[in-house]
Amino acid sequence: RFTSFHRYIYICLYLFIMLTLFLGDGKQPIIDTLWASIILILYIALRAFKPTPIRMPKGIVILWMVLLAETLASTVLSISIAYSVFGLLRTIEAFLVFYLLFALVPRKEYPKIVKTCFAAILTAMFFSLVLLIFPRWGLFLPPINLVGIVYVHNHLAVLILFALPLALYQMETRRDGK
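What counts and how
- Residues numbered from 1 in each chain as written.
- Predicted model: local features only at pLDDT ≥ 70, side-chain atom pairs only at ≥ 80, totals over all residues.
- Heavy atoms only, no water.
- Core = buried A, V, L, I, M, F, W, Y, C linked by side-chain atoms within 4.5 Å.
- Buried < 20%, exposed > 50% of the residue type's maximum accessible area, 1.4 Å probe, protein only.
- Helix = DSSP H or I, 4+ residues; strand = E, 2+ residues; numbered from the N terminus.
- Contact = heavy atoms within 4.5 Å.
- Phe/Tyr/Trp six-rings, centres within 6.5 Å; stacked < 30°, edge-to-face > 60°.
- Expected span 1.5 Å × (residues − 1).
- Arc of directions from axis to C-beta.
- Patch = residues over 30% accessible without salt bridge, like charges linked within 9 Å, V, L, I, M, F, W, Y side chains within 5 Å.
- Areas by Shrake-Rupley, 256 points an atom, 1.4 Å probe, with all protein chains shown as cover.
- Salt bridge = Lys/Arg side-chain N within 4 Å of Asp/Glu carboxyl O.

The next subject is the nonpolar core. Formed by 19 residues in total, the largest nonpolar core has its most connected members in Trp35, Leu46 and Leu104. Elements represented by at least two residues in this core include exactly helix 1 (4–20), helix 2 (29–49) and helix 4 (81–104). Take this core: its biggest share by element is six residues, from helix 4. Discounting residues that sit within four places of it in the chain, Trp35 has contacts with Phe16, Ile17, Thr20, Glu93 and Val97. Judged by nonpolar contacts, the second largest core, of eight residues, contains Met18, Leu21, Ala120 and Val147.

Here's what the structure looks like:
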């Protein structure tokens, strides 16, 4: 059941994700620290409200563990261990966000999540277009962010590629009548 408490945590997570589009590309220690703190706070709030752990399907857990093990191995074997530790931290953060959404959102609400992701991607595309048309506005943002092109390339393509599996899921869901 998607209670108002679940909606509150979900909205907080969504707003935080939208805000971080403008704060950097996640490779700055302050952004990683901020991400980890917010995710931890939301996770603690979820556990306080719903103390029983949510069990994920075994296949999903195995895939995440393989990804985390591979990331850990590449961190240990990396020529830039410090940079790789941040990559490992981002992978752990991604898992926690996945777990939060898995724990928060009942299966029948998945189409709303997909629509929310599309809205976030379209919002990022809109802001990227605005910053392309008015490049001086990008000077108010950190040099490296996910929507502007002030310092280096932006990472909007990653978000657009993320839309592909979402679109396939949406088409499959509609075709099956779920």
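On inspection of all chains with the given rule, the structure shows five aromatic pairs. A centroid spacing of 5.5 Å and a plane angle of 70° characterise the contact between Phe126 and Phe127, whose relative ring orientation is edge-to-face. By relative accessible area, which is 33% here, Phe127 ends up partly exposed. Feature note: the residues Trp64, Phe95, Phe98 and Tyr99 constitute an aromatic cluster, connected by ring pairs.

All right, on to helix 3 (residues 58–76) then. For helix 3, spanning 19 residues, the distance from its first C-alpha to its last is 27 Å, which sits close to the expected 27 Å at 1.5 Å a residue. All buried positions along helix 3 are accounted for by Trp64, Leu68, Thr71 and Thr75. Seen from one end, helix 3 has its buried residues packed into an arc of 60°, which puts them on one side. Set apart from the buried face of helix 3 by more than 90 degrees, the exposed residues are Lys58, Leu63, Val66 and Val76. Looking at the buried residues of helix 3, the elements they touch are helix 4.

On the surface, a cluster of nonpolar side chains totalling about 710 Å² of accessible area is made up of Leu129, Leu132, Ile133, Phe134, Trp137 and Phe140. Tracing the sequence through the fold places Ile133 in helix 5 (residues 110–133). Given a relative accessible area of 53%, Ile133 falls into the exposed group.

Turning next to helix 2. Here helix 2 contains 21 residues, and its C-alpha end-to-end distance of 30 Å stays within 8% of the 30 Å for a straight helix at 1.5 Å per residue. All of the buried residues along helix 2 are Ile31, Asp32, Trp35, Ile39, Leu42 and Leu46. Looking down the long axis of helix 2, one finds its buried residues gathered within 110° of arc, a one-sided arrangement. Turned more than 90 degrees away from the buried face of helix 2 sit Ile30, Ile41, Ile44 and Ala48, all of them exposed. Against helix 1 and helix 4 lie the buried residues of helix 2.

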